[in-house]
Amino acid sequence: MGIEKEHPTWSTYWKVAVILTLITVAEVWIYYIPSFVASRLFVPSLLIMSAVKFVTVVLFYMHLRYDHKLFRVLFTGPLIIAMTTLIGLLFLFGKLSLTVGALN
Amino acid sequence: MATTATAPAYAPTESYGGESGLWSWLTTVDHKRIGTLYLFTALFFFLVGGVEAALIRWQLMYPNGKILSAEAYNQMFTMHGTTMIFLAVMPLSAAFFNYLIPLQIGARDVAFPRLNAFSYWVYLFGAMFMNFSWFIGEAPNGGWFGYAPLTTMQFSPNLNIDFWVIGLQILGVSSLAAAFNFITTIINMRAPGMNLMRMPMFTWNAFVVQFLLVLAFPVITIALVFLQFDRFFGTQFYEIAAGADPLLWQHLFWVFGHPEVYILILPAFGLTSEIIPAFSRKPIFGYPVMVYATMLIAFLGFGVWAHHMFAVGMGAIGDTVFGVTTLLIAIPTGVKIFNWIFTMWGGSIKFTTSMKFAIALVALFTIGGISGVMHASPPADLQQTDTYFIVAHFHYVLFGGSMMGIFGGIYFYFPKMTGRLLSEKLGSWHFWLTFVGMNLTFFPMHFSGLMGMPRRIYTYEAGQGWELFNLMSTYGTVILMIGTEFFIWNFFRSFKKGAIAGNDPWGAGTLEWSISSPPPEYNFARIPRVTSRYPMWDMKSPALTAEVPHTVSGDKRLDVDVGGKHAANGHPNPIGNDPKQAAESGMHIEHASGKTAKELHIPMPNPTIKPLICAAGMIIMFSGLIFIHTGKLPLALATMIGGALIMVNSLYAWLLTPLEDAH
Amino acid sequence: MAHAAAIHSAHDDTHGGHPPTSTGLDNKKIAIWAFIGSECMLFVSLISTYLIYKGRSVVGPYPHESCLPPICSTALKPILNIPVTSASTFVLLMSSLAMVLALAAVEMKDQPAPAGFGEKLLRSSKLWLWMTAILGATFLGFQAFEFTSFVHEGLTIKTNLFGSSFFTLTGFHGAHVTAGVLWLLTLLAIDYRRGLGPKDALNVDLAALYWHFVDVVWIVIFTLVYLIK
């Protein structure tokens, strides 16, 4: 029943695992570079890397990419509300300065 | 109009699918019975909350009142708010969700019938737990919003707040479980031909409310966890001396609290959107806009929370942003008001009791909305906040809005639930006394509020210009009480003596009116095929739906439009694709046949006591925490572990037992 | 790869006297995604609080800085241990891989018997369920080790804002992992008792979605709590 959908293969799963590992290694690596940590790129690059890991697991392991579009809505709706609440709260408590890269 | 002349001789004796007796109610997983349980319990707590209000008004009738001490007064207004919000209005909405949603979408039950029962028992036991505190004289006394640090151990060392915190956590579980249930039900169990834009307005409003619940309750859960941990385990979340922020509680609470008020009003809006078209003999005006407005209200509702905090000093940017978003949210709300009025315009109006309540909602909610728009301006709110002006506002929207809508819904759907009509004569008395009483109680509060009368004061000195308004409010309360008595009399009397209703006493347009009153256990002997958003009118009064869409694409079974694209997967419409079946099936009326589910080979879920036991275990587990504060640590541990074991055991048994007999 | 076409998405047949569902999807799968959406808000509240209270503890120990007298009676070094936590993060990430392989193994149970030893390994649902559970339990072991060593170094849930928000956030996450491990062990018990096959794919998929979500939350926590100073 239902139409056969494109589905991740085992090689996809292994590749994702490797990507996740590599990004984690990169994250920890830059943590130990004091000059990079002190720069304004540190926080944004960490946020981007963890966002990529997040999205990769959700799309491929939770197969959101391959499933019915309904699940995308069920997930991204709450995610958007959650993100705006987080940003709103951080702003209200003075933790977000307007320059890029600062998380007080 | 009651179709007694044409209805078959069906006088409902034993309703709800046959089984009677206490055990059948304790083990029920039938959404209709669960809805009935919610209705009775919630009405009971509505009366409890009303008594609490009456005592408040008695105390405030004259300056220097001696009816209640300050401490008793604090408990009274705290419990009045908590009871009305969590134990009355929300469960009344839940009663309608439970009873109506499957009937309106053409389903035989909700997606998870046992989880549904669990939600009810958790609510009941949680309500009992919280109200138990009255018997030891330590009812919650920190306001329904429980601001920390006032509610931390330092300033509230006794058990009052413990009961409140634990009680709310319990009630949150009930609401969340029900929300997952209804989301799944509405997405997945609609009858053929019922795409999302053919769902009844009540179901749409209910659907949006479930998302509000699912997203808002976790936030208050965490706020409560922090308070619980501070009180029971000595954490520092709200300890100012440790550097905690006095605003953390307020922000977390209101991130929940604002969506919560939309949770309180949207079901009543949904009921109104069913009643007004029925008694105007016209489809709702601007259905798509109503749907989008509801979604917009919900979405924006997450962006306005700090308008409850205009006086705390958030700074110009914070104040302005939230002021603007609050003004914005008035727009979709106002759109709904206009659409209800335009529905009535040119319609053939019947002023039944439910129609009176629905129209009253439109008028009274508008008044409440006007004061709401006034609060939206931060500088204006600096005068209004914490005064009776706010009390006036929220009672207009909660009583004039939610309760009027709910009463209207009760008059409208009582016949469906019981097979008998409520008395219109008694209903008229109920309505007018309530309408007059409500306005007399709450309108004067606009004045006393603007004249500076603060909230939450247990008494006041004479000579400040507040006496007349308070006296009027108390008289209004007496009138409200009399009106409510008419309602109770009407409600109980009509179970046995009301006129027989038949399937469709009102000549309404949606699916629930196509089956008998009360419906059989299985709701629909044959799942109907829906042809537009008013399938009954399509069949019985097609002239009314001439301008409602009847598109072919709307007839496709799989109709979930996501992201603007038509989703293509799943089952083809088994009925629509087969011309023979289409001829046989389709939209039809089902009169009471007396046939059971078994005779019709319809598999129904088996009743089970496990949800009740699981709920009881959970409440026992939570309540064990209280013993920590009575100095009985071993007892606390034993109770918590014992409760947890009961809960986990019954949960495993529940999950490993199939829902129905194998078929 | 030959297996590609054979892996089905986890549907469940809800026929047998019931009307088909409006979407063709199973109720439980919709419910679990709604649940996951709800959990997003739960963890965002915990994470927001942690970030709000970052740098506001009146006394030490602190996550990334030392605490010297006079604020602390004895000098305390920064308490977070990045190398250890990096290892536990890696363990949890690998558990997601194991979970995904477990689900695939369950879905392919009825396929013709595999040829090589490697193939047999990949197709053993018990192996991968065990791996997931063990890796999950290992993660919990790391957490337990971390918590106890923090307590020894003077940081409890009561000590300061950092302790309260840190232990509550990671504790809630750990509780979710624990529930997940128990769920996996239950699936294993069923696998041993009567075997898990394609008809169970939905139930395993539900556990998998939950498990991956718990992993994803940790990805966020690891970055925001441990790596960002």
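Residues numbered from 1 in each chain as written. Chains lettered and ligands numbered in written order. Predicted model: local features only at pLDDT ≥ 70, side-chain atom pairs only at ≥ 80, totals over all residues. Heavy atoms only, no water.

*Asks:* Where do I start with the overall build of chain B in this structure?
*Replies:* Within chain B, the secondary structure is distributed over 18 helices and two strands. Against the compact-globule benchmark of 26 Å for 663 residues, chain B has a radius of gyration of 25 Å, which places it among compact chains. Taken along the three principal axes of its C-alpha coordinates, chain B extends 75 × 60 × 50 Å. The buried share among the 663 residues of chain B stands at 63%. Taking contacts inside chain B between residues at least 6 apart in sequence as the whole, the part at least 24 apart equals 82%. Surface summary for chain B: the accessible area is close to 23,700 Å², and the carbon and sulfur share equals 70%. If you average the places of the 34 positive and of the 34 negative side-chain charges in chain B, the two averages end up 9 Å apart. (Helix = DSSP H or I, 4+ residues; strand = E, 2+ residues; numbered from the N terminus. Rg over C-alpha atoms; globule rule 2.2 N^0.38 Å. Buried < 20%, exposed > 50% of the residue type's maximum accessible area, 1.4 Å probe, protein only. Contact = heavy atoms within 4.5 Å. Areas by Shrake-Rupley, 256 points an atom, 1.4 Å probe, with all protein chains shown as cover. Lys, Arg positive; Asp, Glu negative; His and termini not counted. Charge placed at Lys NZ, Arg CZ, Asp CG, Glu CD.)

*Asks:* Mind showing me how you'd approach the overall build of chain C here?
*Replies:* Helix and strand counts for chain C come out as six helices and zero strands. The secondary structure elements of chain C, listed N-terminal to C-terminal, are α-α-α-α-α-α. Based on the C-alpha atoms only, the size of chain C along its principal axes is roughly 70 × 45 × 30 Å. A burial count over chain C gives 61% of its 229 residues as buried. Taking the contacts inside chain C whose residues are at least 6 apart along the sequence as the reference set, 73% of them involve residues at least 24 apart. The centroid of the 14 positive side-chain charges in chain C is displaced by 5 Å from the centroid of its 14 negative side-chain charges.

*Asks:* For this particular structure, what's the right way to read the state of the cysteines?
*Replies:* As used here, a disulfide is simply a covalent bond connecting the sulfur atoms of two cysteines. Residues and elements named next belong to chain C. The tally for this structure, following the rule as stated, stands at one disulfide over all chains. Paired by a disulfide, cysteine 67 and cysteine 72 hold their sulfur atoms 1.8 Å apart. Here cysteine 67 and cysteine 72 share a disulfide; its torsion about the S-S bond, 90°, makes the bridge right-handed. Residue classification places cysteine 67 among the buried residues on the basis of a relative accessible area of 1%. (Disulfide = S-S within 2.5 Å.)

*Asks:* What am I meant to see in the interface of chain C and chain A here?
*Replies:* Many analyses report the size of an interface as the accessible area lost when the parts associate. Between chain C and chain A, the contact holds 57 residues from the first and 49 residues from the second. Around 4,900 Å² of area is buried between chain C and chain A when both sides are counted, 80% of it from carbon and sulfur atoms. The largest share of the area that chain C buries against chain A comes from Trp33, Ile52 and Leu227 of chain C, three residues that together contribute 13% of it. Our enumeration of links across chain C and chain A arrives at one salt bridge. Note that lysine 29 of chain C and aspartate 67 of chain A form a salt bridge whose closest N and O atoms lie 3.0 Å from each other. On inspection of chain C and its partner chain A, the count reaches five residue pairs in polar contact (both at pLDDT 80 or more). Ranked by residue count, the leading element in the side of chain C that touches chain A is helix H2 (residues 82-107) of chain C, at 13 residues. Grouping the amino acids of the side of chain C that touches chain A by side-chain chemistry returns 35 nonpolar, 14 polar and eight charged. (Buried area = accessible area lost by both parts, 1.4 Å probe. Salt bridge = Lys/Arg side-chain N within 4 Å of Asp/Glu carboxyl O. Polar contact = N/O pair within 3.5 Å; in protein donor to acceptor, adjacent residues only side chain to side chain. Nonpolar A, V, L, I, M, F, W, Y, C, P; charged D, E, K, R; others polar.)

*Asks:* How do you make sense of the nonpolar core when you look at a structure like this?
*Replies:* Proteins that are soluble and globular tend to have nonpolar side chains buried together. Judged by nonpolar contacts, the single largest core of 309 residues is most densely connected at Phe86, Tyr238 and Ile410 of chain B. With residues near it in sequence (within four places) discarded, tyrosine 238 of chain B still touches Ala148, Pro149, Thr152, Ala223, Phe226, Leu227, Asp230, Ala244, Leu248, Trp249 and Leu252 of chain B. (Core = buried A, V, L, I, M, F, W, Y, C linked by side-chain atoms within 4.5 Å.)

*Asks:* Help me out: how do you make sense of helix H1 (residues 27-52) of chain C in this one?
*Replies:* Count 3.6 residues to each turn of an α-helix, and residues three or four apart come out pointing the same way. All names here are of chain C. The terminal C-alpha atoms of H1, which comprises 26 residues, lie 38 Å apart, in line with the 38 Å expected from a rise of 1.5 Å per residue. Here H1 lies mainly inside the structure; 24 of its 26 residues are buried. Its side-chain oxygen 2.7 Å from the backbone nitrogen of lysine 28, aspartate 26 forms the N-cap of H1. (Expected span 1.5 Å × (residues − 1).)

*Asks:* Could you clarify how one ought to interpret the packing of aromatic side chains in this entry?
*Replies:* Describing an aromatic ring pair means giving the distance of the ring centres and the angle of the ring planes. All told, the structure shown has 86 aromatic pairs over all chains when counted by the stated rule. Considering the side-chain rings of tyrosine 13 of chain A and tyrosine 61 of chain A, the 6.1 Å spacing of their centres and the 65° angle between planes classify their relative orientation as edge-to-face. Linking tyrosine 13 of chain A in helix H1 (residues 10-31) with tyrosine 61 of chain A in helix H3 (residues 42-61), this pair joins segments that are 48 residues apart in sequence. Residue tyrosine 13 of chain A is classed as buried on the basis of its relative accessible area, which comes to 3%. Seen from the ring of tyrosine 287 of chain B, arginine 533 of chain B lies directly overhead, with NZ or CZ sitting 3.7 Å from the centre. If you follow lysine 126 of chain C out to its NZ or CZ, it ends over the ring of tyrosine 192 of chain C, 5.2 Å from the centre. (Phe/Tyr/Trp six-rings, centres within 6.5 Å; stacked < 30°, edge-to-face > 60°. Lys NZ or Arg CZ within 6 Å of the ring centre and 35° of its normal.)

*Asks:* Whenever I open this one, a nonpolar patch on the surface confuses me. Can you help?
*Replies:* A cluster of nonpolar side chains, Val648, Leu651, Tyr652, Leu655 and Leu656 of chain B together with Trp130, Ile134, Leu182, Leu185 and Tyr192 of chain C, forms an exposed patch at the surface whose accessible area comes to about 940 Å². Among the elements of the structure, helix H18 (633-656) of chain B together with helix H4 (125-152) and helix H5 (161-194) of chain C are those that each provide at least two residues to the nonpolar patch. Sorting elements by how many residues they give to the nonpolar patch places H18 of chain B first, with five residues. Given a relative accessible area of 35%, leucine 185 of chain C falls into the partly exposed group. (Patch = residues over 30% accessible without salt bridge, like charges linked within 9 Å, V, L, I, M, F, W, Y side chains within 5 Å.)

*Asks:* What is the right way to look at the pattern of salt bridges in this model?
*Replies:* Between side chains of opposite charge, a pair can form when the charged atoms approach closely. One pass over the structure, following the stated rule, counts 13 salt bridges over all chains. Of the charged contacts, one joins arginine 456 of chain B and aspartate 386 of chain B as a salt bridge, the two residues approaching to 3.4 Å between their closest N and O atoms. Of this pair, arginine 456 of chain B sits in the loop between helix H13 (424-450) and helix H14 (467-497) while aspartate 386 of chain B is found in the loop between helix H11 (378-384) and helix H12 (388-418), placing the two residues 70 residues apart along the sequence. Among the residues examined, aspartate 386 of chain B registers a relative accessible area of 38% and is labelled partly exposed. Through salt bridges that share partners, Asp67 of chain A together with Lys29 and Asp205 of chain C make up one connected network.

*Asks:* I tried to follow H12 of chain B on my own but got confused; where do I start?
*Replies:* All names here are of chain B. When the local axis directions of H12 are compared, the greatest deviation, roughly 40°, occurs at phenylalanine 412, which is followed within four positions by the proline proline 415. Among the 31 residues of H12, 29 are classified as buried, and the element is accordingly described as predominantly covered. Once H12 ends, the next one or two residues include glycine 419, with phi positive near 85°. (Bend = angle between axes of the 7 residues up to and from the residue.)

*Asks:* Looking at this structure, I do not really get the packing of helix H7 (residues 248-280) of chain B against helix H9 (residues 316-344) of chain B. What am I missing?
*Replies:* A pair of packed helices can be characterised by two numbers: the angle between their axes and the separation between those axes. All names here are of chain B. Closest axis-to-axis distance for the H7/H9 pair is 9 Å, and the angle between their directions is 20°. The pairing of H7 with H9 is recorded here as roughly parallel in orientation. As for how H7 packs across H9, the hand of that crossing is left-handed. For the pair formed by H7 and H9, the contact residues are Tyr262, Phe269, Thr272, Ser273, Ile276, Pro277 and Ser280 on the first element and Ile329, Thr333, Lys336, Trp340, Thr343 and Met344 on the second. A class-by-class count of the residues in the contact of H7 with H9 yields seven nonpolar, five polar and one charged. (Axes fitted to C-alpha atoms, helices over the stretch in contact; angles between N-to-C directions. Parallel < 35°, antiparallel > 145°, perpendicular 65-115°, else oblique. Left-handed = near helix turned anticlockwise from the far one by under 90°.)

*Asks:* Please explain the confidence of the model for chain C as it appears in this structure.
*Replies:* When pLDDT drops low, the exact placement of atoms in the prediction is not to be read closely. Residues and elements named next belong to chain C. Scored by pLDDT, chain C comes out at a mean of 89, with 93% of its residues at no less than 70. Segment residues 1-15: pLDDT under 50, and 34 contacts once partners within four positions in sequence are set aside and those in other chains are kept. Here the predicted complex scores 0.92 on pTM and 0.91 on ipTM. (pLDDT = per-residue confidence, 0-100.)

*Asks:* How should unusual backbone geometry be read in this particular structure?
*Replies:* Most peptide bonds take the trans form, and the phi angle of most residues other than glycine is negative. The omega angle of the peptide bond from serine 517 of chain B to proline 518 of chain B is -10°, so this bond is cis rather than trans. Looking at the secondary structure, you find proline 518 of chain B in the loop between H14 and helix H15 (535-540). For the bond from proline 69 of chain C to proline 70 of chain C, the omega torsion is 5°, close enough to zero to count as cis. Relative to the helices and strands, proline 70 of chain C resides in the loop between H1 and H2. Not every positive phi belongs to a glycine, and arginine 456 of chain B is a case in point at roughly 60°. A relative accessible area of 31% means that arginine 456 of chain B is categorised as partly exposed. Even without a glycine there, the phi angle at histidine 601 of chain B is positive, about 60°.

*Asks:* Please clarify how the side chain of serine 516 of chain B should be interpreted in this entry.
*Replies:* All names here are of chain B. Its location among the elements puts serine 516 in the loop between H14 and H15. By relative accessible area, serine 516 is classed as buried at 4%. Separated by 3.0 Å, the side chain of serine 516 and the backbone oxygen of proline 518 make a polar contact. Sequence-distant contacts of serine 516, that is, excluding residues within four places in its chain, are made with Lys416, Asn503, Glu590, His591 and Ala592.

*Asks:* Any chance you could explain the environment of lysine 598 of chain B here in plain terms?
*Replies:* When you line up the elements, lysine 598 of chain B lands in the loop between helix H16 (579-584) and helix H17 (610-628). Residues lysine 598 of chain B and glycine 243 of chain B lie 355 residues apart in sequence; the distance between their C-alpha atoms is 65 Å.

*Asks:* Teacher, can you tell me more about the side chain of serine 174 of chain B here?
*Replies:* Residues and elements named next belong to chain B. When you line up the elements, serine 174 lands in helix H5 (residues 160-188). The class for serine 174 is buried, based on a relative accessible area of 5%. There is a polar contact of 2.8 Å between the side chain of serine 174 and the backbone oxygen of serine 119. Setting aside residues up to four positions removed in sequence, serine 174 forms contacts with Tyr38, Ser119, Val122 and Tyr123.

*Asks:* When you look at the environment of alanine 42 of chain B in this model, what are you seeing that I'm missing?
*Replies:* Residues and elements named next belong to chain B. Mapped onto the elements, alanine 42 comes out in helix H2 (residues 31-59). On the basis of relative accessibility, which here comes to 0%, the residue alanine 42 falls in the buried class. Beyond its immediate stretch of four places on either side in the chain, alanine 42 contacts Leu87, Ala88, Pro91, Leu92 and Tyr123.

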